[in-house]
Amino acid sequence: MLKQIALKRENITSFQQYPFDIPAIRSMDTLPIRKPITFFVGENGAGKSTLLEAIADRCDFHTAGGGRNNTYDVHASESALGNYIRLSWLPKVTRGFFLRAESFYQFASYIEGIGLEAYGGQSLHAQSHGESFLSLFLNRFQGDGPAIYLLDEPEAALSPARQLTFLRVLRDLAEFGNAQFIIATHSPILLGYPDADIWSFDGEEICNVHYEETEHYTITNTFLQNRERVLKELFSDEG
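Predicted model, so just to flag it, every value in this text is computed and none were measured.

Focus on the pairing of strand S4 (residues 85-89)
Right, so step 1: Of the two faces of S4, only the one carrying Ile85, Leu87 and Trp89 is buried; Arg86 and Ser88 on the other face are not.
Right, so step 2: As paired strands, strand S1 (residues 2-7) and S4 are joined by five bridges and run antiparallel to one another. Directly across from Ile5, in S4, lies its bridge partner Leu87.

Below, the structure is given as structure tokens:
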């Protein structure tokens with residue numbers, strides 16, 4: 001399984017250009033992957049999706065979304081970071097999948113063109129967005145041997161109830177299916193997965209945080225506990 005991500009700093013000629021001008025990426029040396037479930041959190045532009053895409057690139061997954069054997073005609077920009085990271089494995093894993101919520105429609109169209117047997121026998125386009133996501137999770141994320149799954153904001157199409165269902169899918173695959181997940185997310189529900197590693201990309205360095213320390217938890221909890229006060233302050237014309 002994936003054990004460590006290292007930035008090949010010796011190959012970088014300038015830390016003033018993208019993606020090395022992102023503070024979390026610029027300060028990165030090595031990032032240990034210690035748990036079956038790892039979350040990347042942070043504001044938009046903090047670098048979490050950039051690093052996730054780079055991992056997918058090093059795994060030879062389709063950078064628009066897919067696995068090693070998925071080749072379909074859709075724009076997939078070359079990872080700006082892929083050539084500058086090194087992945088350490090024990091053992092090496094070649095099976096897996098990279099999910100990008102933003103390009104899932106194109107992936108579903110590709111699946112329609114090659115057959116539906118691996119996805120429950122039902123068209124992904126014939127299902128709602130959330131249903132098609134879950135169909136992918138339930139039918140694609142399985143098989144013999146270890147696998148790594150890289151998910152970029154999977155909650156985009158999932159209602160809160162479906163996110164809870166997805167947590168069960170994660171548990172079953174991680175505990176019984178020999179699977180490893182690295183997930184970039186904004187969802188306080190998904191982040192609540194027990195005993196997961198959470199790496200925050202906010203700030204100058206990537207740091208390990210507890211669930212209750214994430215901004216996603218604190219803002220959501222504050223809003224739910226003090227909705228009227230939060231909205232009053234938010235809509236106030238003062239200041």
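Some remarks on helix H2 (residues 48-58)
Right, so step 1: Among the 11 residues in H2, nine count as buried, and that is most of the element.
Right, so step 2: Within H2 the residues assigned to the buried category are Lys48, Thr50, Leu51, Leu52, Glu53, Ala54, Ile55, Ala56 and Asp57.
Right, so step 3: Backbone geometry just after H2 places Asp60 at a positive phi near 65 degrees.

Quick look at the sheet that holds S4
Right, so step 1: Spatial strand order, S2-S1-S4: three strands in an open sheet with antiparallel pairing. Among the strands making up the open sheet, the edge pair consists of strand S2 (30-32) and S4. Going from strand to strand, the sheet's axes swing by 20 degrees on average, the running direction of each strand aside.
Right, so step 2: Note: S1 against S2, three bridges, orientation antiparallel. Looking at the pairing, Ile5 lines up with Leu31 of S2.

Here's the deal with the packing of aromatic side chains
Right, so step 1: If you walk through the whole model with that rule in mind, you get five aromatic pairs.
Right, so step 2: Ring geometry for Phe15 and Phe20: centres 6.1 Å apart, planes at 70 degrees, overall edge-to-face.
Right, so step 3: Judged by centre distance (5.0 Å) and plane angle (55 degrees), the ring pair of Phe40 and Phe201 falls under tilted. With Phe40 in strand S3 (residues 37-41) and Phe201 in the loop between strand S8 (197-200) and strand S9 (207-208), this residue pair connects regions lying 161 residues apart in the sequence.
Right, so step 4: Note on Phe40: relative accessible area 0%, which makes it buried.

Notes on the pattern of salt bridges
Right, so step 1: Inspection of every chain in the model, using the stated rule, returns eight salt bridges.
Right, so step 2: Residue Arg86 is joined to Glu10 by a salt bridge in which the shortest nitrogen-to-oxygen separation is 3.6 Å. With Arg86 in strand S4 and Glu10 in the loop between S1 and helix H1 (23-26), this residue pair connects regions lying 76 residues apart in the sequence.
Right, so step 3: Residue Arg86 is classed as partly exposed on the basis of its relative accessible area of 42%.
Right, so step 4: On the basis of relative accessible area, Glu10 is assigned to the exposed category, the value being 59%.
Right, so step 5: One salt bridge in this structure joins Asp197 and Arg34, with 2.9 Å as the shortest N-O distance. One end of the pair, Asp197, is in strand S8; the other, Arg34, is in the loop between S2 and S3, and 163 residues separate them in sequence.

Cut-off values and rules
Residues numbered from 1 in each chain as written. Predicted model: local features only at pLDDT ≥ 70, side-chain atom pairs only at ≥ 80, totals over all residues. Heavy atoms only, no water. Buried < 20%, exposed > 50% of the residue type's maximum accessible area, 1.4 Å probe, protein only. Helix = DSSP H or I, 4+ residues; strand = E, 2+ residues; numbered from the N terminus. Pairing = 2+ DSSP bridges. Axes fitted to C-alpha atoms, helices over the stretch in contact; angles between N-to-C directions. Phe/Tyr/Trp six-rings, centres within 6.5 Å; stacked < 30°, edge-to-face > 60°. Salt bridge = Lys/Arg side-chain N within 4 Å of Asp/Glu carboxyl O.

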